[in-house]
Amino acid sequence: MGKKDPHTADPESPAVVLFDYAVDRQDVKWLMNQLHVEAEVNRHTVEYELQILKIISVGWSIAYHLENAPARQPLLEAFWNAVRAYAQSLSQTTELMIGQDIDYFQTLRDRLDTYLATMSASSEKNDPAAVIGPAFAANCGNADDLFTRMAGAKMFMSVVRRVKTYLDHLAESTP
């Protein structure tokens, strides 16, 4: 599913594979190319928020799909530790480039908290994508923009589906 993390001893571990997928930008680029020209949002904001949504959707998907599995907690910890290291590196690079301290990991945590709160407050509990789309558009600056809602919902649904496929494959290949 993507690049290997040089800080991890086992580059084929599920946490590394899922982390690599979370930070891969191909589907972000694809969705940006699909975003309708009439979308009433800042396209740079949408691209930034899509990457955030992808990362936290991978983490959410791990927790959701492995709800009662013994591997859930170790996989979540390894995944979020990789994300933390990535975010710290990104924050340091950004600070060097623009001279401003940015805590990317805190941004990820804040967005995750926002999405979780929105999902738990919603009457659409059985359809998280219906909740994520509008919340995503709000994070992009225009909660009413249908095109942005659709981009967020597509990202979320795609990530959830791909993580489930990967985890199912792991379960099938484990003796």
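Rules behind the numbers
Residues numbered from 1 in each chain as written. Predicted model: local features only at pLDDT ≥ 70, side-chain atom pairs only at ≥ 80, totals over all residues. Heavy atoms only, no water. 1 Å grid on protein atoms, 1.4 Å probe; cavity = no way out; pocket = protein on both sides within 12 Å on 5 of 7 lines; lining within 4 Å. Points joined across faces, edges and corners; volume = space filled by probe spheres on them. Helix = DSSP H or I, 4+ residues; strand = E, 2+ residues; numbered from the N terminus. Phe/Tyr/Trp six-rings, centres within 6.5 Å; stacked < 30°, edge-to-face > 60°. Buried < 20%, exposed > 50% of the residue type's maximum accessible area, 1.4 Å probe, protein only. Lys NZ or Arg CZ within 6 Å of the ring centre and 35° of its normal. Patch = residues over 30% accessible without salt bridge, like charges linked within 9 Å, V, L, I, M, F, W, Y side chains within 5 Å. Areas by Shrake-Rupley, 256 points an atom, 1.4 Å probe, with all protein chains shown as cover. Salt bridge = Lys/Arg side-chain N within 4 Å of Asp/Glu carboxyl O. Lys, Arg positive; Asp, Glu negative; His and termini not counted. Charge placed at Lys NZ, Arg CZ, Asp CG, Glu CD. Contact = heavy atoms within 4.5 Å.

Chemist: I'd like a rundown of empty space enclosed by the protein, residues and numbers included.
Modeler: A full pass over the atoms with the stated rule returns one cavity of 30 Å³ or more. Volume-wise, the largest cavity comes out at about 60 Å³. What lines the largest cavity is simply L53, I56, S57, W60, L112, Y115, L116, M119, I132 and F156. Listed by contribution, the elements that provide at least two residues to the lining of the largest cavity are α3 (43-65) and α5 (104-121).

Chemist: Can you lay out the packing of aromatic side chains for me, pointing to particular residues and giving the numbers?
Modeler: Within the structure shown, the criterion is met by six aromatic pairs. Relative to F156, the ring of W60 has its centre 5.2 Å away and its plane inclined at 50°; by these criteria the two rings are tilted. Remark: F156 occurs in helix α7 (residues 146-173) and W60 occurs in helix α3; sequence separation between them is 96 residues. The exposure class of W60 is buried, given its relative accessible area of 17%. On the basis of an interplanar angle of 75° and a centroid distance of 5.1 Å, the ring pair of F79 and W80 is categorised as edge-to-face. Ring pairs connect the aromatic residues W60, Y64 and F156, which therefore count as one cluster. When the ring centre of Y21 is taken as origin, the NZ or CZ atom of K54, which lies over that ring, is 4.3 Å away.

Chemist: Lay out a negative patch on the surface with the relevant residues and their values.
Modeler: A surface patch of like charges, here negative, comprises D101, D103, D110 and D113. Position of D113 among the secondary structure elements: in helix α5. Note on D113: relative accessible area 48%, which makes it partly exposed.

Chemist: Quick rundown of the environment of Y115? Include the residues and the values.
Modeler: Inspection of the secondary structure puts Y115 in helix α5. With relative accessibility at 3%, the residue Y115 sits in the buried group. Between the C-alpha atom of Y115 and that of N139, which follows or precedes it by 24 residues, the distance is 9.9 Å. In contact with Y115, not counting residues within four places along its chain, are L53, I56, I132, A135, F136 and N139.

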